[in-house]
Amino acid sequence: MQSLALILAVLALGRCQYQEPELSSCPEQYGLQLYPHPASCNQFYKCANGTLSLETCENGLLFDGTGAVHNHCNYHWSVKCGDRKAELTPSGRGICEYDFGLFSAGPCETYFVKCAYGEPIDEPCTPGLAYDENIHGCNWPDLLEYCDPEKVVGFSCPAYVDSKDPAAKFLPYPRYPSGDCGRYVVCVDGKPRLVGCGDYTVFSDESLTCEDPEYVPKCSKYFKK
Ligand SMILES: *[C@@H]1O[C@H](CO)[C@@H](O)[C@H](O)[C@H]1NC(C)=O
């Protein structure tokens, strides 16, 4: 606690134009409260039942008060620091640019790499999606550069849909069975997207809509294991 007092004293000396208040004791004696550090987006104050501590986010993480990734901190790209200074130094251990983060495994990969404490774990996208670095999440492959949606979805959209084709009912976005009862293919500008039925429904090859499994004999057991 002595080093903490010293840090706080140093902070108090270096007073300047920051808006957030500096903290030397906890305003509240019960429960957990978190306060932004006035100068650093990497740090924050934690009051646990009246005990003050100065916390530092792990490498790749920053503090915005809503953090849930690790110790109340968030991935740096999602944090608005305002005037608080953010220090980000890649730790550069293999594929984990930062010790904590989400990283692409390559263009058009259907999984991404989640790093925690510098340890990478592969996380799969929902089937039919590929990892999009720009949104830090999985996305439709037709929205990605260097990505072949036909490969990801495993379906080629026909160049022409005859008006007698049942799929024509849904033009300009014709639909097709995917081979998986819980999903179907929608063609958007000639490129396939795999869409989930959801709500415990299954895709009917006849109506080309999602229905209760009891009306789709070949998928009636889809949710029963
Ligand atoms: C505060 O004290 C209560 C009772 O001892 C305990 O249950 C709780 O976990 C403590 N909260 C924090 C944030 O340390």
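Please read all numbers here as calculations on a predicted model, not as lab measurements.

Caption draft 1: Summary view of the site of the ligand. Close contacts around the ligand come from G31, L32, A48 and N49, and that covers them all. Here an oxygen atom of the ligand and a side-chain polar atom of N49 are 2.2 Å apart. Out of a free accessible area of 360 Å², the ligand has 31% covered by protein chains. Residues that form the shell around the ligand fall into these classes: two nonpolar, two polar and no charged.

Caption draft 2: The state of the cysteines, seen in detail. Counted according to the given criterion, the structure contains nine disulfides. For C26, the disulfide goes to C47, at an S-S distance of 2.0 Å. Where C26 bonds to C47 through sulfur, the torsion about that S-S bond is close to -100 degrees, and the disulfide is left-handed. On the criterion of sequence distance, the pair formed by C26 in the loop between helix 1 (2-13) and strand 1 (32-36) and C47 in strand 2 (residues 43-48) is long-range, its members being 21 residues apart.

Caption draft 3: The arrangement of the UniProt feature "domain: Chitin-binding type-2" (unreviewed entry) in the protein in detail. In the UniProt entry, the feature "domain: Chitin-binding type-2" (unreviewed entry) is given for residues 23-83, 93-149 and 154-221. Segment residues 23-83 splits into 0% helix and 34% strand. End C-alpha atoms: 17 Å apart. Along residues 154-221 the backbone is 0% helical and 28% strand, and the end-to-end C-alpha distance reaches 24 Å.

Rules and cut-offs
- Residues numbered from 1 in each chain as written.
- Predicted model: local features only at pLDDT ≥ 70, side-chain atom pairs only at ≥ 80, totals over all residues.
- Heavy atoms only, no water.
- Near = heavy atom within 4 Å.
- Polar contact = N/O pair within 3.5 Å; in protein donor to acceptor, adjacent residues only side chain to side chain.
- Areas by Shrake-Rupley, 256 points an atom, 1.4 Å probe, with all protein chains shown as cover.
- Nonpolar A, V, L, I, M, F, W, Y, C, P; charged D, E, K, R; others polar.
- Disulfide = S-S within 2.5 Å.
- Helix = DSSP H or I, 4+ residues; strand = E, 2+ residues; numbered from the N terminus.
- UniProt positions renumbered as here; feature names shortened; annotations may be inferred.

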